[in-house]
Amino acid sequence: MNKTLAILTPTYNRAHTLPALYESLFNQTNYDFVWYIIDDGSTDNTEQVSKAFVNDRFDVKYLKKDNGGKHTALNTGVKIISEELTFVEIGRASCRERV
């Protein structure tokens, strides 16, 4: 079933911030979204952390690309999403009240 919202998170060496964002998304009451994590060539454990977020409440899609800057990660994400609406969340703060 198609989801309404794409949550797009560009990331570079921010594995330490992703678990808090995941927890916030996991605790939502509406799961009509797909979380896209676009890894801009991280050299930390972003890939392993992201792949551990598989769950039965919402889809998590991870894509790693060569480093090119945040704008290229956003552009890559925009090209692959198919949902009607897009929300960009970079993991600085909880999105508990936003989704």
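Conventions used here
Residues numbered from 1 in each chain as written. Predicted model: local features only at pLDDT ≥ 70, side-chain atom pairs only at ≥ 80, totals over all residues. Heavy atoms only, no water. Pairing = 2+ DSSP bridges. Helix = DSSP H or I, 4+ residues; strand = E, 2+ residues; numbered from the N terminus. Axes fitted to C-alpha atoms, helices over the stretch in contact; angles between N-to-C directions. Contact = heavy atoms within 4.5 Å.

**Q** I'd like a description of the sheet that holds strand β2 (residues 33-39), backed by residues and values.
**A** Judged by pairing direction, the sheet is parallel, and its four strands sit side by side in the order β3-β2-β1-β4 without closing on themselves. Lying at the two open borders of the sheet, with one neighbouring strand each, are β3 (59-64) and β4 (85-88). Adjacent strand axes in the sheet meet at a mean angle of 20° when their direction is disregarded. Where strand β1 (residues 5-11) meets β2, seven bridges bridge the pair, whose relative direction is parallel. Counted as the bridge partner of Pro10 is Ile38 from β2. Packed onto the sheet, helix α1 (residues 18-26) meets β1 and β2 and runs at close to 170° relative to β2. With respect to the sheet, helix α3 (residues 70-80) is in contact with β1, β2, β3 and β4, its orientation differing from that of β1 by roughly 155°.

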